[in-house]
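# Overview (structure and organization)
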Amino acid sequence: MCRQQASTFGAAAHNLEPQVSGESTTSLDASTPVVGGPCNREHVTIWCSNDYLGMGQHPVVLEATIKAITETGAGSGGTRNIGGTNKYHTLLEAELADLHHKEAALVFSNCFSANVALLTTIAKLVPGIVFISDAKNHASLIEGICGSGAAKKIFKHNDMQDLERVLAEIPQNTPKMIVFESVYSMDGTIGPIKHVCDLAEQYNAMTFIDEVHAVGLYGSRGAGVAERDGQMHRLDVISGTLGKAYGVFGGYIAASKRIIDCVRSFAPNFIFSTSPPPSVCAGAATSVGFLKSHNELREAHQAKTAHLKMLLRDAGIPMLETPSHIVPVMIGDAVKCKHMADRLLNHYGIYVQPINYPTVPVGTERFRFTPSPVHTEEMMLRLRDSLVSLWHEFNIPLQTSKQPVVTPQQQRIPLSTHEEGIRCVQAMATANPL
Ligand SMILES: Cc1ncc(COP(=O)(O)O)c(C=O)c1O
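Residues take numbers from 1 onward in each chain, read along the sequence in its written order. In keeping with the model being predicted, local features are shown solely for residues with a pLDDT of at least 70 and side-chain atom pairs are shown and tallied solely at 80 or more, while totals for entire chains, interfaces and linings include all residues. Side-chain calculation: all heavy atoms of the structure are included, whereas hydrogens and water are not.

### Comments concerning the overall build of the protein chain
Comment: elements are numbered from the N terminus, with helices defined as DSSP H or I runs of at least four residues and strands as E runs of at least two. Scanning the protein chain from terminus to terminus reveals 15 helices and 13 strands. Each residue is assigned to one of three classes by its accessible area relative to the maximum for its type, calculated with a 1.4 Å probe on protein chains only: buried under 20%, partly exposed between the two thresholds, exposed over 50%. Counting all 434 residues of the protein chain, 54% fall into the buried class. A sequence separation of at least 24 residues applies to 72% of the contacts in the protein chain between residues at least 6 apart. For the area figures, the Shrake-Rupley method with a 1.4 Å probe applies, and any residue is considered shielded solely by the protein chains shown. Accessible area of the protein chain: about 18,000 Å², with a carbon and sulfur share of 56%. By the convention used here, residues are in contact when the closest approach between their heavy atoms is within 4.5 Å.

Right, dumping it as structure tokens:
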């Protein structure tokens, strides 16, 4: 990633290769291109990374990774059951079980796979189970639920009345599992974990929460929103990623020993896949351990988020007011969103990915900013000034202070039809021919 992050953490400065638009001459850096002037694309500040705390650049993580790669080599050498379990896999799983105060944890190459494995295994081992899924659940949860072949019911996003309505429709002794997230990554909403757990107890349901966008970031040890809300012990399964706030790679589930043993023994995507490299596990375990006792990074992250929100709000940039670290700036038009993102990158040296259908419904296209402790005040001001200039360039009125703030709950989220989505993609292709 970028030197902006390495500089915060001191010695480990890097000139890493660019990842933007295939430009091999662009270094992702903290240096400041002049606002309003053409950007020479030598310096780009990333504003949409999910390496939320910059741990992917942190010296303790790099050191642990390098030490392990020297010690164990580049790859794991096999599946977990056949040659691919190293001390760093077990170390990481112990660290994660401790993080969530669960009996055990199981590491995968990514959390997409972990979510699918958990859901399909539960469906296999608990015949007749019904999955009760939040309408805004991530693609990995939908994939797991649909692929499992089990019955499913969907409740309106974060709507506890609707969840109760759905639960009440299912016979008390039918096995069921509520599947939801803590931080929803596109709208920045947060699941009402206590209320979900209360209903789960009342209606005899199991609970599975995806804390992918919360682990490392919330709770006194970084175990997520469930830890912050004192609800961790009430959740049957917690999944998380090691590739976002922890800055490395991989995914996991944490649960009772029994559930973990079931997934270990029955999930084909765990059994028949090469395990993550030991060096990756060493880096991830170090990151998880480090963040358990470094609340100051979480505090800095929240402070930077609040500050950016204030800057954008005061400048009249139309933002969804979220309770989390995600800062969605609404554009509402796919072609415009893409053109504006291109302009930000090419002219202002700011990289933010346009978020279009199918990631969000047609009509709610947006930028999704993810401030981090390693973004400086100067970068924030430059972002604000660039966005204001961009709004003028595209002739979009800025919000006045009299206009009401929109929360994700108040925002009318249209459901996109497939046809609408196709039309949008076609419009994009016409506007940006290859
Ligand atoms: C809510 C949610 N769950 C699961 C995943 C998958 O995590 P991973 O990137 O580790 O596969 C993502 C990825 O972005 C996500 O946003």
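Further notes follow.
### As for the site of the ligand
Every one of the 13 residues lining the ligand counts as a neighbour, but Cys 111, Asp 210, His 213, Thr 241 and Lys 244 are closest to it. Any pair of N or O atoms that falls within 3.5 Å is considered a polar contact. Within protein, one atom must be able to donate a hydrogen and the other to accept it, and sequence-neighbouring residues count only if both atoms are side-chain atoms. Cys 111 is positioned such that a nitrogen or oxygen atom in its backbone is 2.8 Å from an oxygen atom of the ligand. The side chain of His 138 places a nitrogen or oxygen atom 3.5 Å from a nitrogen atom of the ligand. Isolated, the ligand exposes 390 Å² of accessible area, and the fraction of that covered by the protein chains is 82%. Three residue categories are used. Nonpolar comprises Ala, Val, Leu, Ile, Met, Phe, Trp, Tyr, Cys and Pro, charged comprises Asp, Glu, Lys and Arg, and polar comprises the others, including Gly. Tallied by class, the residues present in the shell around the ligand amount to three nonpolar, seven polar and three charged. Summary of the distance rule: residues count as near a molecule or strand when at least one heavy atom falls within 4 Å of that molecule or strand.

### Looking at the environment of Asn 346
Secondary-structure assignment places Asn 346 in helix α13 (residues 334-348). Taking relative accessible area as the criterion, Asn 346 reaches 36% and is therefore assigned partly exposed. It is 9.1 Å that separates the C-alpha atoms of Asn 346 and Val 44, two residues lying 302 residues apart in sequence.

### Notes on the packing of helix α2 (residues 59-72) against helix α11 (residues 278-292)
Geometry is summarised by axes, namely lines fitted to C-alpha atoms with helices restricted to the contacting stretch, and by angles between N-to-C directions that run from 0 to 180 degrees. In the contact formed by α2 and α11, the axes pass within 8 Å of each other and the chain directions differ by 150°. By the angle between their directions, the pair α2 and α11 is classed as roughly antiparallel. Our pair here, α2 against α11, has a crossing hand that is right-handed. Only Pro 278, Ser 279, Ala 282, Gly 283, Thr 286, Ser 287 and Phe 290 of α11 make contact with α2, whose side of the interface consists of Val 60, Val 61, Ala 64, Thr 65, Ala 68, Ile 69 and Thr 72. Taken together, the residues of the contact of α2 with α11 sort by class into eight nonpolar, six polar and no charged. What sets the label is the angle itself: under 35 degrees gives roughly parallel, over 145 gives roughly antiparallel, 65 to 115 gives roughly perpendicular, and the rest give oblique. Crossings are classed by handedness, with left-handed meaning an anticlockwise turn of the near helix from the far one by less than a right angle and right-handed meaning a clockwise turn.

### Structural notes on the sheet that holds strand β10 (residues 327-330)
Spatially, β10-β13-β12 is the arrangement adopted by the three strands of the open sheet, whose pairing is antiparallel. Only two strands of the sheet have a single partner each, and these edge strands are β10 and β12 (354-355). Paired strands, in this sense, are two strands between which DSSP finds at least two bridges. Bridge analysis of β12 against strand β13 (residues 366-369) gives two bridges, and the strand direction is antiparallel. The residue of β13 that forms the bridge with Pro 354 is Phe 367. Packing of helix α12 (residues 295-315) onto the sheet brings it into contact with β10 and β13, and relative to β10 it is tilted by some 20°.

### Some details on the environment of Leu 242
Looking at the element boundaries, Leu 242 is found in the loop between β8 (237-241) and β9 (251-255). Along the chain, Leu 242 and Cys 281 lie 39 residues apart, while their C-alpha atoms are 9.1 Å from each other. Ignoring any residue separated from it by four or fewer positions in sequence, one finds Leu 242 in contact with Leu 92, Leu 96, Gly 247, Val 248, Phe 249, Gly 250, Gly 251, Tyr 252, Ala 284 and Val 288.

### A look at unusual backbone geometry
The residue after Tyr 357, namely Pro 358, is reached through a cis peptide bond having omega 5°. The backbone phi angle of His 101 is positive, close to 55°, even though this residue is not glycine. A relative accessible area of 56% places His 101 in the exposed class. Positive phi is not limited to glycine here, since Asn 158 has a value of about 55°. You can see Asn 158 is positioned in the loop between β5 (151-155) and α6 (160-169).

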